[in-house]
Amino acid sequence: MKALYPIVIRGMGSYVPEEVVDNAFFTSYLDTSDEWITKRTGINTRRRVAKGEATCAMAIEAGRRAIEDAGMSPSDIDLVLVCTSTPDYQIPMTAGLVQHGLGLPNCPAFDLGATCSGLIYGITVASSMLKADSYDNVLVIGAETLTRFTDYEDRSTCILFGDGAGAMILSRSPDPERGVLYKKLGADGEHLKCFWVPAGGSLEPSSERTASERLHYMRMRGRELYKIAVTKMQSLVDDALQSTGLSADDLALVIPHQSNYRIIESVRTRLGLPKEKVAVNIDRYGNTSSASIGLALDEARREGRVREGDLILMVAFGAGVTWGTLIIRT
Ligand code: ACO
């Protein structure tokens, strides 16, 4: 099968902060339990940034590791794309800071915000720019510092989120059958208030009131979002297989976005795949939004679970709402 976008992943890298936040942290001050958290979400621990550390620093470290893994030098990179909903600053974009921090040339650098589907959007944008011959080596990073927007007084959300970054370098493939075989992206703004940060944007700027009303933290209608996520993720994987004529058994690995272990399991059972064919890191890292798929793919590569020529399916659903699926022959 010819690739829609003939690309190769030249190198990968990832980074998670040192601090481990376990479930006991939450049970020490909230009305919750280790059993509730693990049973309802699948999360045992998550990572949290240190003081002075944020999205840019994690993205730089993941990017540095990806460049090293590819055997490249910073001067080889000619486009940087940072997928994030939690930039260091409102202005300017994080990608420029990453470019400077890595000592890259003055190549274009921009952020892309598509919440948990961010990396899938980012890979698609980078691949189409590679196909158009505009660039040669694109550094795509999914990086998030969700813990800075987490309301640690809200037991229904604070247990869910973690920080991290996953990076990859994409280049054109001389083999027309390697690369992105299938892609589907979508969004539906109707569900805005299922998951949002009410203040701090141009509509509701920061003020004493917004701070005292805790409007700078993530708010979520979890049960509603859960239902939409399960239905959407299942239809996305159905569509991907139907459109390509592939069967689930053809896939070497499925990498779903990690928002809830029960959602991941619903995708796995829909596909009828054994557990070892579905990547999971939510148990250790929680929901890391646009970092989750990059973290999982880097780990799978290092463990030898993804080899050249393998088919991998990535699928994500996130706030907004947004969604995306990719099938890539590596
Ligand atoms: N500990 C104990 N009890 C709790 C906790 C907690 N931490 N949190 C909520 N509860 C209680 C609720 O108050 C409720 O009690 P009630 O029945 O007395 O009213 C009960 O547990 C059940 O609450 P639900 O919200 O129905 O729990 P649910 O099983 O839906 O799990 C969860 C909640 C984990 C948030 C789930 O809804 C979920 O994963 N939602 C989807 C998340 C998602 O898809 N995210 C993607 C986008 S995220 C992004 O873009 C960054």
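Residue numbers here run from 1 along each chain, matching the order of that chain's written sequence. Local features in this predicted model are restricted to residues whose pLDDT is 70 or higher, and side-chain atom pairs enter the listing and the counts only when it is 80 or higher, whereas totals over whole chains, interfaces and linings include all residues. The basis for every side-chain value is the complete set of non-hydrogen atoms in the structure, without hydrogens or water.

Enquirer: Help me get a handle on the overall build of the protein chain, residues and values and all.
Expert: Check the secondary structure of the protein chain and you find ten helices and 13 strands. If one aligns the C-alpha atoms of the protein chain with their principal axes, the spans along those axes are about 55 × 45 × 35 Å. Counting only residues that meet the buried cut, the protein chain has 56% of its 330 residues in that class. Throughout, a residue-residue contact means that at least one pair of heavy atoms, one from each residue, lies within 4.5 Å. Look at the contacts in the protein chain between residues 6 or more apart in sequence, and 76% of them connect residues 24 or more apart. Segments assigned H or I by DSSP are reported as helices when at least four residues long, segments assigned E as strands when at least two residues long, and all are numbered from the N terminus. Throughout, exposure labels follow a simple rule: accessible area from a 1.4 Å probe, protein chains only, divided by the maximum for the residue type, with under 20% read as buried, over 50% as exposed, and the rest as partly exposed.

Enquirer: Break down the packing of aromatic side chains for me, with residues and values.
Expert: Each aromatic pair joins two rings of Phe, Tyr and Trp (for Trp, the six-membered one) with centres within 6.5 Å, and gets the label stacked for planes under 30 degrees apart, edge-to-face for over 60, and tilted for any other angle. Summed over the entire model, instances satisfying the criterion amount to five aromatic pairs. Seen from their ring centres, F25 and Y152 are 6.3 Å apart, and the 85 degrees between their planes marks the pair as edge-to-face. Of this pair, F25 sits in helix α1 (residues 23–27) while Y152 sits in the loop between β6 (137–145) and β7 (163–172), and the two are 127 residues apart along the sequence. Chaining the aromatic ring pairs together yields one cluster made of F25, F26, Y29 and Y152. Whether a charge sits over a ring depends on NZ of Lys or CZ of Arg being within 6 Å of the ring centre and within 35 degrees of the ring normal. For R48, the ring lying beneath its charged end belongs to Y152, and the centroid distance is 5.3 Å.

Enquirer: Lay out unusual backbone geometry with the relevant residues and their values.
Expert: Here the amide bond leading from I91 into P92 is cis, since omega sits at 0 degrees, within 30 degrees of zero. With a phi close to 65 degrees, D133 is a non-glycine residue in the positive phi region. Turning to its location among the elements, D133 is positioned in the loop between α5 (118–131) and β6. Look at R214: it is not a glycine, yet its phi comes out positive at around 55 degrees. Among the secondary structure elements, R214 is positioned in the loop between α6 (208–212) and β10 (219–220).

Enquirer: Give me the domain arrangement of the protein chain: which residues, what numbers.
Expert: Where interface size is given, it is often the accessible area lost as the parts come together that is meant. An automatic or database domain assignment supplies the residue ranges for each domain. According to the domain assignment, the protein chain consists of domain 1 (7–172) and domain 2 (179–329). For domain 1 and domain 2, the distance between their C-alpha centres works out to 14 Å. At the interface, 51 residues of domain 1 touch 46 residues of domain 2. Buried area between domain 1 and domain 2, both sides added, is near 3800 Å², and the carbon and sulfur share of it is 62%. A side-chain nitrogen of Lys or Arg and a carboxyl oxygen of Asp or Glu constitute a salt bridge if their distance falls within 4 Å. In this structure, the connection of domain 1 to domain 2 is made through two salt bridges. By buried area we mean the combined loss of accessible area, with a 1.4 Å probe, across both parts when two parts are placed together.

Enquirer: I'd like a description of the pairing of β7, backed by residues and values.
Expert: Taking burial as the measure, the ten residues of β7 include nine buried ones, the bulk of the element. Here, any two strands with at least 2 DSSP bridges between them count as paired. Note: strand β1 (residues 7–15) against β7, eight bridges, orientation antiparallel. The residue bridging V8 from the neighbouring strand is S171, located in β7. Alignment of β6 against β7, held across nine bridges, turns out to be antiparallel. For V140, the partnering residue across the bridge sits in β7 and is M168.

Enquirer: So what about α5? Which residues, and what values?
Expert: Helix span, as expected, comes to 1.5 Å for every residue beyond the first. The end-to-end C-alpha separation of α5 is 20 Å, in line with the 20 Å expected for 14 residues at 1.5 Å each. Of all 14 residues in α5, ten are buried, a share of seventy percent or more. Within α5, burial applies to G118, L119, I120, Y121, G122, I123, T124, A126, S127 and L130.

Enquirer: Describe the nonpolar core, listing the residues and the values that go with them.
Expert: In a soluble, globular protein the nonpolar side chains are often hidden away together inside. Grouped together as the largest cluster of nonpolar side chains are 44 residues, with contacts concentrated most on F26, V254, L271, L313, F317 and I327. At the level of elements, β8 (179–187), α7 (222–244), α8 (261–271), β12 (311–318) and β13 (322–329) are the ones that each hand at least two residues to this core. Tallying contributions element by element places α7 first for this core, with eight residues. Taken domain by domain, this core gets at least three of its residues from each of domain 1 (7–172) and domain 2 (179–329). Those residues within four positions of L271 in sequence are excluded, and the remaining contacts are V237, L241, A248 and V254. Listed in part, the 33 residues of the second largest apolar core include I120, A126, V140 and M168. Buried Ala, Val, Leu, Ile, Met, Phe, Trp, Tyr and Cys residues form a nonpolar core when they are joined through side-chain atoms within 4.5 Å.

Enquirer: Please set out the sheet that holds strand β5 (residues 109–112) residue by residue, giving values where relevant.
Expert: With respect to topology, five strands assemble into an open sheet ordered β1-β7-β6-β4-β5, the strand pairing being mixed. Strands with a single pairing partner mark the edges of an open sheet, and in this sheet they are β1 and β5. Strand-to-strand twist in this sheet, taken as the mean axis angle between neighbours without regard to direction, amounts to 20 degrees. Under this scheme, a helix contributes an axis fitted over its contacting stretch, all axes are lines through C-alpha atoms, and angles between N-to-C directions fall in the 0 to 180 degree range. Packing of helix α3 (residues 55–70) onto the sheet brings it into contact with β1, β6 and β7, and relative to β1 it is tilted by some 130 degrees.

Enquirer: Explain the packing of α7 against α8 to me, and be specific about the residues and the numbers.
Expert: Direction vectors running N to C along α7 and α8 enclose 30 degrees, while the axes themselves pass 10 Å from each other. On the basis of the axis angle, α7 is roughly parallel to α8. α8 is crossed by α7, and the crossing has right-handed handedness. Between α7 and α8, the contacting residues are Y226, A229, V230, M233, Q234, V237, D238 and L241 on the first element and R262, I263, S266, V267, R270 and L271 on the second. Each residue gets one of three labels, nonpolar for Ala, Val, Leu, Ile, Met, Phe, Trp, Tyr, Cys and Pro, charged for Asp, Glu, Lys and Arg, and polar for the others, Gly among them. Among the residues forming the contact of α7 with α8, the class breakdown is nine nonpolar, two polar and three charged. Note that the term roughly parallel is reserved for angles under 35 degrees, roughly antiparallel for angles over 145, roughly perpendicular for angles of 65 to 115, and oblique for everything else. By definition, any crossing whose near helix is turned counterclockwise from its far helix by less than a right angle is left-handed, and any crossing with a clockwise turn is right-handed.

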